[in-house]
Amino acid sequence: MLRSILLVTAAAAALAGCQDTGASRDQIKIVGSSTVYPFTTAVAEAFVNRDSSRKAPVVESTGTGAGMKLFCAGVGSQHPDIVNASRRIKKSEYDTCQSNGVGEIQEIQIGIDGIALAENKNGPGLHLTRKDVYLALAANPGGKPNTARTWKDVNPALPAVPIQIYGPPSTSGTRDAFIELIMTPGCEAATPEVKAFKDSDKEKFEAQCGRLREDGVYVDKGENDNLIVQNLSTNPNAIGLFGFSYLEENADKLVGAPVDGVTPTYQTIVDGSYPGARPLFIYVKKRHLKAVPGLSEFLGQYVEMWGPNGELVKRGLIAAPDAIRAASAAIVEKGTPLDPATLH
């Protein structure tokens, strides 16, 4: 008991040393990606099961963008220790962290995921290209308002089924990755002229390639991927957009729509042939490592569970290649901070 009290007191002092924040806490606080949420929750469960005296970490599904705002708002007991992320931290977010005194951050890739376009097993059986997806969902394809209403409108080879996509909000890393990996290449395939101003006029490029429709064709379902799964049961003609793990978890009722001829599967995501493959991360405040009891041990628990035969793979995570896992484990062991020069 005395040791426990001393640890909590030390934690309070350390956090107070970071910033005068009032009351301290003795449990880990995590926010961020809904895609990474189930994996971090599984690690939190194992973390507590290993030592019942530990307090259960608080894990909130806020979306990557909203999570980054909370994470980068400052250092101290009222701010999260970790942010789950289904995309890499942006340079602008890192800069916000620094302006708020967060200091060094560890970037730890926990595995791989794929952005799946899924439909009901009784759905139309769409085979899409990234160009099809762009022409169906872009607010301004070719710089003009989108008037397509059916998949046949964007590609005569597709069925005359209404375009209806259930997906995450603008704060979601899944949506950011979808725009980067699917929409942008589709835009460049449909309108090659955009490449001429991709770097010189980023605002114009974003308006034409990265802005989704707001006329009811794309339906924002919030940070609740399970709700999207439910909606696909009631609307079999619709398409759902979420991380591969949710498709795998619901394989009894959903199928992945092939993109550019490649179906989202564990193997196609691992080998990079599926165009929607992406890395998953957690970011950790180094200044909180000694301040919050168990934070270092929590990261060690993650390392134990992310391998090819680990518990997280059973939960739907796709294990990263050996070299990436080794590099991530070394970051945890050595406390290596993120180099901001690699961000954009």
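The sections below set out a description of the structure shown in this document. All values reported here derive from a predicted model rather than from experimental measurement.

Here the focus is the overall build of the chain. Along the chain, the regular secondary structure elements total 14 helices and nine strands. The C-alpha atoms of the chain give 21 Å as radius of gyration, which agrees with the globular expectation for 344 residues (20 Å, within 12%). In terms of principal-axis extent, the alpha carbons of the chain reach across some 75 × 45 × 35 Å. Counting across all 344 residues of the chain, residues that qualify as buried make up 52%. Contacts in the chain between residues at least 24 apart in sequence constitute 75% of all its contacts with a sequence separation of at least 6. Summed over its atoms, the accessible surface of the chain is roughly 14,800 Å², and 52% of this surface lies on carbon and sulfur atoms. Of the side-chain charges in the chain, 35 are positive and 38 negative, and the distance between the mean point of each set is 1 Å.

Take helix α12 (residues 295-305) next. All of the buried residues along α12 are L295, F298, L299, Q301, Y302 and M305. Looking down the long axis of α12, one finds its buried residues gathered within 155° of arc, a one-sided arrangement.

Every buried residue belonging to helix α9 (residues 225-234) is among D225, I228, V229, N231 and L232, and all of these are buried. Buried positions in α9, seen along its axis, are confined to an arc of 160° and lie on one side of it. Exposed and oriented more than 90 degrees from the buried face of α9 are Q230 and T234. Close packing links the buried residues of α9 with β4 (105-120), β5 (165-167), β7 (239-243), α10 (244-249) and β8 (254-256).

Moving on: the packing of helix α5 (residues 130-137) against helix α7 (residues 173-190). The interhelical angle for the contact between α5 and α7, taken along N-to-C directions, is 95°, at an axis separation of 7 Å. Taken together, the axes of α5 and α7 are roughly perpendicular relative to one another. Listed contacts from α7 to R130, K131, V133, Y134, L135 and L137 of α5 are F178, L181, I182, M183, P185, G186, C187, A189 and A190. Here the residues of the contact of α5 with α7 sort into 12 nonpolar, one polar and two charged.

In total, this model carries 17 salt bridges according to the counting rule given. Linking R149 and D215 is a salt bridge whose minimum nitrogen-to-oxygen distance equals 3.3 Å. With R149 in the loop between α5 and α6 (151-154) and D215 in the loop between α8 (202-210) and β6 (218-220), this pair connects stretches of sequence that are 66 residues apart. Each member of the salt-bridge network shares a partner with another, and the members are E45, E311, K314 and R315.

Here the focus is the packing of aromatic side chains. Taken as a whole and judged by the stated rule, the model has five aromatic pairs. Aromatic side chains F47 and F298 sit 5.6 Å apart centroid to centroid with 75° between the ring planes, which places their arrangement in the edge-to-face category. Separated by 251 residues along the polypeptide, F47 in helix α2 (residues 37-50) and F298 in helix α12 bring together distant segments of the chain. The exposure classification of F47 matches that of F298, with both residues buried. Note on Y302 and W306: the rings are 6.3 Å apart at their centroids and 45° apart in plane angle, and the pair reads as tilted. Every member of this aromatic cluster is reached through a ring pair, and the members are F47, F298, Y302 and W306. The positively charged end of K204 is found above the aromatic ring belonging to F197, 4.4 Å away from the centroid. Here the basic side chain of K285 rests over the ring of F71, its NZ or CZ set 4.8 Å away from the ring centre.

Our focus in this paragraph is the nonpolar core. Ranked by internal contacts, the top residues of the largest apolar core, which has 52 residues, are L117, L137, W151, F178, M183 and F242. Broken down by element, this core gets its largest block of residues, seven residues, from α7. The residues contacting F242, other than those within four sequence positions of it, are G114, I115, A116, A118, T174, D225, I228, V229, L232, L247 and L254. Counting 28 residues, the second largest nonpolar core, distinct from the first, contains V48, V59, V292 and L317.

Glancing now at the layout of surface pockets. The space that makes up the largest pocket amounts to roughly 1,200 Å³. Forming the boundary of the largest pocket are 28 residues, of which K90, D176, I179, E180 and H344 lie nearest the centre. Residue assignment for the lining of the largest pocket shows that the elements contributing at least two residues are α7, α8 and β9 (277-285). The dominant element in the lining of the largest pocket, judged by the number of residues it contributes, is α7, at seven residues. Here the residues of the lining of the largest pocket sort into nine nonpolar, seven polar and 12 charged.

A few words on the state of the cysteines. In the structure shown here, the tally under the stated rule is two disulfides. Each sulfur of the disulfide joining C72 and C97 lies 2.0 Å from the other. The chirality of the disulfide connecting C72 with C97 is left-handed, given an S-S dihedral of about -70°. Placement of C72 in the loop between α3 (64-71) and β3 (82-85) and of C97 in helix α4 (residues 91-99) is noted, with a sequence separation of 25 residues between them. When sorted by exposure, C72 lands in the same class as C97, which is buried. What links to what in the chain: the bonded cysteines, counted in sequence order, pair as 1-2, 3-4.

The rules behind the values
- Residues numbered from 1 in each chain as written.
- Predicted model: local features only at pLDDT ≥ 70, side-chain atom pairs only at ≥ 80, totals over all residues.
- Heavy atoms only, no water.
- Helix = DSSP H or I, 4+ residues; strand = E, 2+ residues; numbered from the N terminus.
- Rg over C-alpha atoms; globule rule 2.2 N^0.38 Å.
- Buried < 20%, exposed > 50% of the residue type's maximum accessible area, 1.4 Å probe, protein only.
- Contact = heavy atoms within 4.5 Å.
- Areas by Shrake-Rupley, 256 points an atom, 1.4 Å probe, with all protein chains shown as cover.
- Lys, Arg positive; Asp, Glu negative; His and termini not counted.
- Charge placed at Lys NZ, Arg CZ, Asp CG, Glu CD.
- Arc of directions from axis to C-beta.
- Axes fitted to C-alpha atoms, helices over the stretch in contact; angles between N-to-C directions.
- Parallel < 35°, antiparallel > 145°, perpendicular 65-115°, else oblique.
- Nonpolar A, V, L, I, M, F, W, Y, C, P; charged D, E, K, R; others polar.
- Salt bridge = Lys/Arg side-chain N within 4 Å of Asp/Glu carboxyl O.
- Phe/Tyr/Trp six-rings, centres within 6.5 Å; stacked < 30°, edge-to-face > 60°.
- Lys NZ or Arg CZ within 6 Å of the ring centre and 35° of its normal.
- Core = buried A, V, L, I, M, F, W, Y, C linked by side-chain atoms within 4.5 Å.
- 1 Å grid on protein atoms, 1.4 Å probe; cavity = no way out; pocket = protein on both sides within 12 Å on 5 of 7 lines; lining within 4 Å.
- Points joined across faces, edges and corners; volume = space filled by probe spheres on them.
- Disulfide = S-S within 2.5 Å.

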